[in-house]
Amino acid sequence: RSWYNEGDYPEPFLVDDSGLEINEARLDWLHTTAGSQHNNTVTAEVEKGFGLLTLEIEVPYEHDSSPEGTAQGIGNIDLGARYPFYQYVSCTGFFDTTFGAAIEAGIPASSAISVNPEFVPKIFNDTRIGQHFTMQSIFGYSILTGGAPDGGLQTFEYGFTFGYSIEHNELPLPGVQRFIPMFELIGETSLNKDQSGQSSLLGNACFRLNLKTIGRVQPRLGLGFVFPLNSNARTDVHQGIVTSLVFEY
């Protein structure tokens, strides 16, 4: 009876996805600026479900430019898996929550952008209240291995995605099955080295449009405005735009 089993939670933008995905491909572009520094990251991702197990592969390409120079290349190739381990649905279905565990491994591409392997165990929760409101949360412990300055860095990562789903019969936008205003919080706290205790927190005001299906394929468009919420985040990001194109098939 759970909404999680239907694979219908809205896809996050910057926060790691935690919903069940059966067959999905997506392409995202994130552009951020901080003064004269500009960052562009294009990410291709494929997710495949086997029962309640979701497997994913993610390949990003990053281009960073600043007065000091330019760095670009393929980032860590991320392999991930997630699976729910506890679920509760109230008798009426008004309250619906799912807890699960996930793992992610980042494989370096030996580029200027990608140097250190990364290992991230995670736990997640997907909750739906009523017919409209959803909240997705995820918490991870990132460990960078290998040499270079960042080798051995440990970071606590977390994210929250809030959504409010509006169906076509409530808001009859042409060609749109579901309109979802969303808000994301994306944070990380360094746990060791010189950055120990330092936290960075970003916000993303966004929306997603689940369009009408084309045969077996449903396109899902998304757009968001990214902004810093504390001084550490403002060092790297003054503002940003994220776009997302998802194909569920």
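The rules behind the values
- Residues numbered from 1 in each chain as written.
- Predicted model: local features only at pLDDT ≥ 70, side-chain atom pairs only at ≥ 80, totals over all residues.
- Heavy atoms only, no water.
- Helix = DSSP H or I, 4+ residues; strand = E, 2+ residues; numbered from the N terminus.
- Rg over C-alpha atoms; globule rule 2.2 N^0.38 Å.
- Contact = heavy atoms within 4.5 Å.
- Areas by Shrake-Rupley, 256 points an atom, 1.4 Å probe, with all protein chains shown as cover.
- Lys, Arg positive; Asp, Glu negative; His and termini not counted.
- Charge placed at Lys NZ, Arg CZ, Asp CG, Glu CD.
- Phe/Tyr/Trp six-rings, centres within 6.5 Å; stacked < 30°, edge-to-face > 60°.
- Buried < 20%, exposed > 50% of the residue type's maximum accessible area, 1.4 Å probe, protein only.
- Lys NZ or Arg CZ within 6 Å of the ring centre and 35° of its normal.
- Polar contact = N/O pair within 3.5 Å; in protein donor to acceptor, adjacent residues only side chain to side chain.
- Salt bridge = Lys/Arg side-chain N within 4 Å of Asp/Glu carboxyl O.

Undergrad: Would you explain the overall build of the protein in this entry?
TA: When helices and strands are tallied, the protein shows 1 helix and 14 strands. The C-alpha radius of gyration of the protein comes to 18 Å, within 12% of the 18 Å expected for a compact globule of 249 residues. Dimensions of the protein, computed from the C-alpha atoms along their principal axes, are close to 55 × 35 × 35 Å. Contacts in the protein between residues far apart in sequence, at least 24 positions, make up 54% of those at least 6 positions apart. Of the roughly 12,000 Å² of accessible surface on the protein, 63% is carried by carbon and sulfur atoms. Between the centroid of the 13 positive side chains of the protein and the centroid of its 29 negative side chains there is a distance of 8 Å.

Undergrad: What is the right way to look at the packing of aromatic side chains in this model?
TA: Pairs of aromatic rings are described using the distance from one ring centre to the other and the angle between the two planes. Across all of its chains, the model carries 12 aromatic pairs by this definition. Both rings, one in Phe 133 and one in Phe 162, keep their centres 6.5 Å apart while their planes meet at 25°; by these two values the pair is stacked. One end of the pair, Phe 133, is in strand S8 (residues 133–144); the other, Phe 162, is in strand S9 (residues 154–164), and 29 residues separate them in sequence. Residue classification places Phe 133 among the partly exposed positions, given a relative accessible area of 30%. Between Phe 160 and Phe 162 the ring centres are 6.5 Å apart and the planes differ by 10°, which places this aromatic pair in the stacked class. Exposure remark for Phe 160: the relative accessible area of 22% places this residue in the partly exposed category. An aromatic cluster is built from Phe 133, Phe 139, Phe 156, Tyr 158, Phe 160 and Phe 162, whose rings are joined through pairwise contacts. One residue, Arg 128, lies across the ring of Trp 3, its end atom 3.9 Å from the ring centre. Here Arg 208 stacks its cationic end above the ring of Phe 13, 4.5 Å away from the centre of that ring.

Undergrad: Which parts of the structure should I look at to understand the environment of Lys 212?
TA: Mapped onto the elements of the fold, Lys 212 is located in the loop between strand S12 (199–211) and strand S13 (218–228). Residue classification places Lys 212 among the partly exposed positions, given a relative accessible area of 43%. Sequence separation of Lys 212 and Asp 64 is 148 residues, and the distance between their C-alpha atoms is 36 Å.

Undergrad: What should I look at first to understand the side chain of Arg 208 in this one?
TA: By secondary structure assignment, the location of Arg 208 is in strand S12. In this structure Arg 208 comes out as buried when scored by relative accessible area, which is 0%. Within the structure, Arg 208 has its side chain in polar contact with the side chain of Ser 244 (distance 3.1 Å).

Undergrad: Honestly, unusual backbone geometry in this entry has me stumped. Any pointers?
TA: Leaving glycine out, the prevailing phi sign among residues is negative, and the prevailing peptide bond configuration is trans. Its identity is not glycine, yet Ser 110 carries a phi of approximately 55°, on the positive side. Along the chain, the position of Ser 110 falls in the loop between strand S6 (95–107) and strand S7 (118–129). Given the relative accessible area of 70%, Ser 110 is considered exposed.

Undergrad: I would appreciate a short explanation of the pattern of salt bridges in the present structure.
TA: Counted under the stated rule, the structure contains 12 salt bridges. As a salt-bridge pair, Arg 220 and Asp 8 come within 3.8 Å of each other at their nearest N and O atoms. Note that Arg 220 is positioned in strand S13 and Asp 8 in the segment before strand S1 (23–34), a separation of 212 residues in sequence. The shortest N-O distance in the salt bridge between Glu 167 and Arg 178 comes to 2.8 Å. Pair noted here: Glu 167 is in strand S10 (residues 166–167) and Arg 178 is in strand S11 (residues 176–190), with a separation of 11 residues, a long-range link.

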